[in-house]
Amino acid sequence: HQNNSLDVCFFCQSSQEGLDGRPEKFLCCFSCGFKAHPTCMGYCSDLASRCRLYDWQCSDCKLCCLCSSAENPESLLLCDECDRGYHTYCHKPPVNEKPVGKWSCKDCSSLQTKPKISPKSEIEVTKRSILIQNTVESVGCSSGENSNQAAFTPNSHCHNQVNHQQSSTQNLSLPFIDDNPLIKQAAKEAHGWNVEQVFNFISQLGFADQAIAFRREEIDGQALLLLKRSDVLSMLSLKLGPALKIHRRLSILQSLVLGVGEPNDHN
């Protein structure tokens, strides 16, 4: 991550205010120092509060909290209540089938009294959805009649960066994500994409197998910009490893469209 030594959010580059404009403390990765506002990552206040109770790790550094290993990422589940990682075979009892929808670990499920989501939490999540929706609609109104016909054709430099990412699987910090020209270009066009253009974009990011799920669920450009963390990790039936990487890239794309992470070049 390029902002490890800077006291700013990885996504919005702000030191204090989160996505909703309110002062907000960072979540800081215990392993790599990655910093981000919880709202910029799509975390509600309850989830953020639980993450602060232990040595939280970002999606790139996430380990199984029981065996402290990153091996077999396809078997790693994230608890939707506390964001801890668990191998399906390490969790007690073992999880024999990949859960559909939200999943809670044994510790969170066994709590006698689960804290209810406060009205403030619901407002924060709603505001995030409204911010994205309003941006999509306003950009769509000024895009012209032929916006849906715009083809996405990244140049060879983009392909080189994607290939470099694929060949660097041991580098958990994924240094090319936040400055990927493929994502920057997508921020200018994604609102008008059809399902096939979304399929091509996900494929060109290096996730050709996972792109099939986006086509199957008929996700077009506007739907892509509205996807939340839980949608990518749970609703698309993707393996956790690729899902985490796709979510990181989509978060940056959404931030660019919202204007909180504007690329340096505006050409």
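Residues numbered from 1 in each chain as written. Predicted model: local features only at pLDDT ≥ 70, side-chain atom pairs only at ≥ 80, totals over all residues. Heavy atoms only, no water.

## Overview of unusual backbone geometry
Then comes step 1: In this chain, K92 is followed by P93 through a cis amide linkage whose omega measures 0 degrees.
Then comes step 2: The residue P93 is located in the loop between β4 (85–87) and α2 (106–109) in this model.
Then comes step 3: Unlike most non-glycine residues, Q13 shows phi in positive territory, near 60 degrees.
Then comes step 4: One can find Q13 in the segment before β1 (27–28).
Then comes step 5: Residue classification places Q13 among the partly exposed residues on the basis of a relative accessible area of 46%. (Helix = DSSP H or I, 4+ residues; strand = E, 2+ residues; numbered from the N terminus. Buried < 20%, exposed > 50% of the residue type's maximum accessible area, 1.4 Å probe, protein only.)

## Details of the environment of C65
Then comes step 1: Inspection of the secondary structure assignment puts C65 in the loop between α1 (45–51) and β3 (76–78).
Then comes step 2: A relative accessible area of 36% means that C65 is categorised as partly exposed.
Then comes step 3: Setting aside anything within four residues of it in sequence, one finds C65 in contact with R84, G85 and Y86. (Contact = heavy atoms within 4.5 Å.)

## Section: the confidence of the model for the chain
Then comes step 1: Put simply, the chain has an average pLDDT of 75, and 69% of its residues get 70 or more.
Then comes step 2: Highest mean pLDDT in the chain belongs to β4 (94); lowest belongs to helix α4 (residues 156–166) (37).
Then comes step 3: Confidence drops under a pLDDT of 50 for residues 134–176, and excluding neighbours within four residues, the segment shows 52 contacts in the predicted structure.
Then comes step 4: Residue range residues 260–267 is modelled with pLDDT below 50. Its contacts to residues more than four positions away, or to other chains, number 15 contacts. (pLDDT = per-residue confidence, 0-100.)

## Description of helix α6 (residues 195–204)
Then comes step 1: When α6 is considered as a whole, its buried residues turn out to be Q197, V198, F199, F201, I202 and Q204.
Then comes step 2: Residue N194 occupies the N-cap position of α6, its side-chain oxygen lying 3.1 Å from the main-chain nitrogen of E196.
Then comes step 3: Positive backbone phi, approximately 105 degrees, marks G206, located one or two places after α6. (Polar contact = N/O pair within 3.5 Å; in protein donor to acceptor, adjacent residues only side chain to side chain.)

## A word on the state of the cysteines
Then comes step 1: One pass over the structure, following the stated rule, counts zero disulfides.
Then comes step 2: No disulfide involves C32; its sulfur sits 3.7 Å from the nearest other cysteine sulfur, which is in C61.
Then comes step 3: In this structure C82 is not part of a disulfide, and its nearest cysteine sulfur, from C79, lies 3.6 Å away. (Disulfide = S-S within 2.5 Å.)

## Quick look at empty space enclosed by the protein
Then comes step 1: Applying the stated criterion across every chain, the model contains five cavities of 30 Å³ or more.
Then comes step 2: One number sums up the size of the largest cavity: a volume of about 120 Å³.
Then comes step 3: Along the walls of the largest cavity sit 14 residues, with Y43, S59, R229, H247 and R248 positioned nearest its centre.
Then comes step 4: Here the lining of the largest cavity gets four residues from one element, more than from any other, and that element is helix α10 (residues 240–258).
Then comes step 5: Taken together, the residues that form the lining of the largest cavity break down as seven nonpolar, three polar and four charged. (1 Å grid on protein atoms, 1.4 Å probe; cavity = no way out; pocket = protein on both sides within 12 Å on 5 of 7 lines; lining within 4 Å. Points joined across faces, edges and corners; volume = space filled by probe spheres on them. Nonpolar A, V, L, I, M, F, W, Y, C, P; charged D, E, K, R; others polar.)

## Regarding the nonpolar core
Then comes step 1: Counting 55 residues, the largest nonpolar core has W56, F201, F214, L224, L250 and L253 as the members making the most contacts within it.
Then comes step 2: Among the elements of the structure, α1, β3, α5 (181–189), α6, α7 (208–216), α8 (221–226), α9 (229–235) and α10 are those that each provide at least two residues to this core.
Then comes step 3: The dominant element in this core, judged by the number of residues it contributes, is α10, at nine residues.
Then comes step 4: When residues no more than four places from it in sequence are discounted, the contact partners of F214 are V195, V198, I202, I219, L224, L227, L236, L238, I246 and L250.
Then comes step 5: Core analysis: the second largest hydrophobic core is formed by eight residues, L77, C79, W103 and C108 among them. (Core = buried A, V, L, I, M, F, W, Y, C linked by side-chain atoms within 4.5 Å.)

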